[in-house]
Amino acid sequence: MTDRPRFALRFISGKYQGGEFPLRVNREIIIGRSSDLDMVLVEDMVSRRHAKITTTDADILIQDVGSTNGTFVNGEKITGRARLTEGDRILVGTSIIKVVQVNDQAAATTEAEARRKLEAGAARHSSTAGRPMSGVIEEIPLPDLLQLLSTSRKSGVLSIGSSGGVGKIYLRKGQIYFAAINDDFALSPQKAIYRMLTWQTGTFELEPSVEIQVMEEIQESTEALLMEGVRQLDEINNVAHLLPPPGSPLAVPTPLAGRLRDLTPAELDTFQLVLDHGQLQKVLDHYPGTDLDCANTLVGLIKREFVVVP
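Residues numbered from 1 in each chain as written. Predicted model: local features only at pLDDT ≥ 70, side-chain atom pairs only at ≥ 80, totals over all residues. Heavy atoms only, no water.

Examining the sheet that holds strand S8 (residues 76-77)
Short version of the rule: Two strands form a pair only when DSSP identifies at least two bridges running between them. Going along the chain from the N terminus, every DSSP run of H or I of four or more residues is numbered as a helix, and every run of E of two or more is numbered as a strand.
If you walk across this open sheet you meet the 6 strands as S2-S1-S11-S10-S7-S8, and the pairing is antiparallel. In the strand order of this sheet, the two ends are held by strand S2 (20-23) and S8, each with one partner. Where strand S7 (residues 71-73) meets S8, 2 bridges bridge the pair, whose relative direction is antiparallel. Considered in S8, the bridge of Phe72 is made with Lys77.

Okay, structure coming up:
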């Protein structure tokens, strides 16, 4: 068959999460809220006619067809036609849709069957209709998710559950104005965001907007926060193998391998935190700067044997 699909649209967030829709070759599909369209997404933020996807032998093209809230590809709002490739993420309303390769079973699925499965999935998720945007960060990493939420000017509380704790990022029209992990307000909001961006696994859910009063709102743009967060993530990954797991104990050996007066002020402060708290995670939490600065300082102290892992 000349129209055998090579790719499909997989819903990785929203009320249709888990559903897939095949992209048959030489086919044009219209996405929107209207019941007579090819892919029907029933939600307030989707226009009656929202977007059009055209699949040819060589390309998959998407264009917005005058929707109210826009169509986004990889965090960028599209104005004309945009080319889609495997792995691209599309935001339509509160649905995040990923372009994926199809297996033989999915390739055999007709559009009518795919529509029925989407409707059935939406019915199962109807109990979470008030909080429709949810998913797993293995499917969409937090930097990509926050980029999507920022450019689409979403408001709400992004709640993230991970082995590192429960994080909350507060958004107002796409701008991050506060963040916390495990409701620990002693941790600076910027430090909380940078730490959450290192989380590789877990779940997320965009809860309805709840305005909170904080002493000092974040002033940096979401874009600047993400750029700095990704930079720190790259550098932390470079030194992570030189540190033990976060829950590991840290100790000061006796006798010391050198003289304390040879340490810099930052090294002395970190040395004091090891004496006071004796655990890597607690040292990171109490360090006044970023986790990256603390990690680099600790690596230096461990190499010089001022700090040891017992």
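Structural notes on the pattern of salt bridges
Keep this limit in mind: Here, a salt bridge means any Lys or Arg side-chain nitrogen found within 4 Å of an Asp or Glu carboxyl oxygen. Classification of residues uses two cut-offs on accessible area relative to the type maximum, computed with a 1.4 Å probe and protein chains only: under 20% is buried, over 50% is exposed, and between them is partly exposed.
Scanning all chains against the criterion turns up 14 salt bridges. Among the ionic pairs, Glu139 bridges to Lys98, the shortest N-O distance being 3.5 Å. Residue Glu139 is located in the loop between strand S12 (133-136) and helix H3 (142-151), and its partner Lys98 is located in strand S11 (residues 95-101); the two are separated by 41 residues in the primary sequence. Accessibility expressed as a relative area gives 22% for Glu139, which makes it partly exposed. Its salt-bridge partner being Arg172, residue Glu217 comes within 3.0 Å of it at the nearest N-O pair. With a gap of 45 residues between them, Glu217 in the loop between strand S16 (203-207) and helix H5 (222-239) and Arg172 in strand S14 (residues 165-172) connect regions that are remote in the sequence. Among the residues examined, Glu217 registers a relative accessible area of 30% and is labelled partly exposed.

Section: the side chain of Ser67
We apply this condition: Polar contacts here mean pairs of N or O atoms no more than 3.5 Å apart (in protein, one a potential hydrogen donor and the other a potential acceptor; neighbouring residues in sequence count only if both atoms are side-chain atoms). Only heavy atoms enter the contact rule, under which two residues are in contact if any of them lie within 4.5 Å.
Relative to the elements of secondary structure, Ser67 occurs in the loop between strand S6 (60-64) and S7. Assessed through its relative accessible area of 12%, Ser67 is described here as buried. Here His50 takes part through its side chain, which lies 3.5 Å from a polar atom of the side chain of Ser67. Polar contacts involving the side chain of Ser67 include one to the main-chain amide nitrogen of Gly70, which spans 2.9 Å. If we skip the residues at most four places from it in the chain, Ser67 touches Ser47, Arg49 and His50.

Describing the nonpolar core
Within soluble globular proteins, side chains that are nonpolar generally end up buried alongside one another. The condition is simple: Take the buried Ala, Val, Leu, Ile, Met, Phe, Trp, Tyr and Cys residues and link them wherever side-chain atoms come within 4.5 Å; each set so joined is a nonpolar core.
By size, the foremost hydrophobic cluster in this structure holds 31 residues, and its most contacted members are Leu158, Ile160, Ile169 and Met196. Put simply, the parts of the chain that give this core at least two residues each are H3, strand S13 (156-162), S14, strand S15 (175-181), helix H4 (189-196), S16 and H5. A total of 5 residues in this core trace back to one element, the largest contributor, which is H3. Excluding its chain neighbours within four sequence positions, the residues that come into contact with Ile160 are Ile137, Leu142, Gly165, Val166, Gly167, Ile169, Met196, Trp199, Thr203 and Phe204. With 25 residues, the next largest nonpolar core counts Phe7, Phe21, Met39 and Ile62 among its residues.

Let's talk about the packing of H4 against H5
In plain terms, the rule: Under this scheme, a helix contributes an axis fitted over its contacting stretch, all axes are lines through C-alpha atoms, and angles between N-to-C directions fall in the 0 to 180 degree range. Roughly parallel refers to an angle under 35 degrees, roughly antiparallel to one over 145, roughly perpendicular to one between 65 and 115, and oblique to any angle outside these ranges. For a crossing to be left-handed, the near helix must be turned anticlockwise from the far one by less than a right angle; the clockwise case is right-handed. Only Asp, Glu, Lys and Arg are considered charged in this grouping, and only Ala, Val, Leu, Ile, Met, Phe, Trp, Tyr, Cys and Pro are considered nonpolar; every other residue, Gly among them, is considered polar.
Where H4 contacts H5, the axes come no closer than 9 Å and their chain directions differ by 55°. Viewed along their axes, H4 and H5 adopt a mutual orientation that is oblique. With respect to the hand of their crossing, H4 and H5 are arranged in right-handed fashion. Contact with H4, carried on its side by Gln190, Ile193 and Tyr194, involves Leu225, Glu228, Gly229 and Gln232 of H5 and no other residues of that element. Broken down by class, the residue content of the contact of H4 with H5 amounts to 3 nonpolar, 3 polar and 1 charged.

Comments concerning the packing of helix H6 (residues 265-277) against helix H8 (residues 291-303)
Interaxial distance between H6 and H8 falls to 10 Å at its minimum, and their mutual angle equals 80°. Accordingly, the angle class assigned to the pair H6 and H8 is roughly perpendicular. Of the residues in H8, those in contact with Ala266, Glu267, Thr270, Phe271 and Val274 of H6 are Thr297, Leu298 and Leu301.

Section: the sheet that holds S13
Taking strand neighbours across the sheet as the criterion, the 5 strands line up as S12-S16-S13-S14-S15 in an open arrangement whose pairing is antiparallel. The sheet is open, and its two borders are formed by S12 and S15, each paired with just one other strand. Strand-to-strand twist across the sheet, computed as the mean angle between neighbouring axes with direction ignored, equals 15°. As defined by bridge partners, S13 adjoins S14 across 7 bridges and the pair is classed as antiparallel. Bridge pairing in S14 places Ile160 opposite Gly167. On top of the sheet, H3 reaches S12, S13, S14, S15 and S16; it is set at about 170° to S13, its chief contact. Running at roughly 80° to S15, H4 makes contact with S13, S14 and S15 of the sheet.

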